[in-house]
Amino acid sequence: QVQLVESGGGLVQPGGSLRLSCAASGFTFSNYDMGWYRQGPGRQRELVAQITKSRRTNYADSVKGRFTISRDNAKNTMYLQMNSLKPEDTAVYYCNVDRHGYWGQGTQVTVSS
């Protein structure tokens, strides 16, 4: 049974930082490309960052230079380090197994003064 469990969200002030985690189980994590997506208020779900099984990365233009995606295959966990957060980063953040339609339940990130 494939499971993806996001954690690490919360309320932060503009300019602050958060680290999100995605704990994966039920598949061979190291064999799959992964990604983070988000859905903000009044918006559709959008790609935030991707990381391949070989650790190649790709970022949305809106987060380049501020967010870093990584993975620890020994722990079956993917991370998203978010720095210099802006109010427009407010969204529910979701973990995804690329091309397989598996999603976690999401974790809320709110950036506000």
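Note that the structure is a prediction, hence the values are computed from the model and not measured. All chains use their own residue numbering, which begins from 1 and follows the written sequence. Given that this is a predicted model, residues contribute local features only at a pLDDT of at least 70 and side-chain atom pairs are listed and counted only at 80 or more, while totals for whole chains, interfaces and linings are drawn from all residues. Side-chain metrics in this entry use all non-hydrogen atoms of the structure; hydrogen atoms and water are not considered.

Draft legend 1. Representation of the overall build of the chain in the model. Helix and strand content of the chain: zero helices and 11 strands. Each helix and strand of the chain, ordered N terminal to C terminal, gives the series β-β-β-β-β-β-β-β-β-β-β. Every radius of gyration here is taken over C-alpha atoms, with the globule rule written as 2.2 Å times N^0.38, N being the number of residues. For the chain, the C-alpha radius of gyration of 13 Å lies close to 13 Å, the compact-globule estimate for 113 residues. Based on the C-alpha atoms only, the size of the chain along its principal axes is roughly 40 × 25 × 25 Å. To sort residues, take the accessible area from a 1.4 Å probe on protein chains only and compare it with the maximum for the residue type: under 20% means buried, over 50% means exposed, and anything in between is partly exposed. Evaluated residue by residue, the chain yields a buried proportion of 42% over its 113 residues. The contact rule is simple, with two residues in contact once any of their heavy atoms fall within 4.5 Å. Within the chain, counting contacts between residues at least 6 apart in sequence, those at least 24 apart form 54% of the total. For the chain, the exposed area adds up to about 6000 Å²; of that, 43% sits on carbon and sulfur atoms. A gap of 4 Å separates the mean positions of the 13 positive and 8 negative side-chain charges of the chain. The secondary structure listing takes helices from DSSP runs of H or I that are at least 4 residues long and strands from runs of E that are at least 2 residues long, numbered from the N terminus. Per-residue and other accessible areas were derived by the Shrake-Rupley procedure at a 1.4 Å probe size, with only the shown protein chains allowed to occlude residues. Only four residue types enter the charge count: Lys and Arg as positive, Asp and Glu as negative, with His and the chain ends excluded. Taken as the charge centre is NZ of Lys, CZ of Arg, CG of Asp or CD of Glu, depending on the residue.

Draft legend 2. Looking closely at the sheet that holds strand S8 (residues 77-82). What makes two strands pair is DSSP finding at least two bridges between them. In spatial order, the strands read S1-S3-S8-S7; together these four strands make up an open sheet with antiparallel pairing. Edge positions in the open sheet fall to strand S1 (3-7) and strand S7 (67-72), since each of these has one partner strand only. Within this sheet the neighbouring strands show an average axis-to-axis angle of 15°, counted without direction. Pairing of strand S3 (residues 18-25) with S8, which is carried by six bridges, proceeds in the antiparallel orientation. Bridge assignment links Leu18 to a residue of S8, and that residue is Met82. The convention used is that axes are lines fitted to C-alpha atoms, helices contributing only their stretch in contact, and that angles between N-to-C directions extend from 0 to 180 degrees.

Draft legend 3. Here's a closer look at the nonpolar core. If you look at the biggest cluster of nonpolar residues, it comprises 28 residues, and the most contacted ones within it are Met34, Trp36, Met78, Leu80, Met82 and Tyr93. Elements represented by at least two residues in this core include exactly S3, strand S4 (34-39), strand S5 (46-51), S7, S8, strand S9 (91-97) and strand S11 (107-111). Among the buried residues, those of types Ala, Val, Leu, Ile, Met, Phe, Trp, Tyr and Cys that are joined through side-chain atoms within 4.5 Å form a nonpolar core.

Draft legend 4. Main features of the state of the cysteines. The disulfide criterion is simple: two cysteine sulfur atoms within 2.5 Å. Applying the stated criterion across every chain, the model contains one disulfide. Here Cys22 is linked by a disulfide to Cys95, with a sulfur-sulfur distance of 1.9 Å. Judged by the sign of its S-S torsion, about -75°, the cystine formed by Cys22 and Cys95 is left-handed. In this pair, Cys22 sits in strand S3 while Cys95 sits in strand S9, placing the two residues 73 residues apart along the sequence. Each member of the pair, Cys22 together with Cys95, is buried.

None of this, on its own, says anything about what the molecule does.
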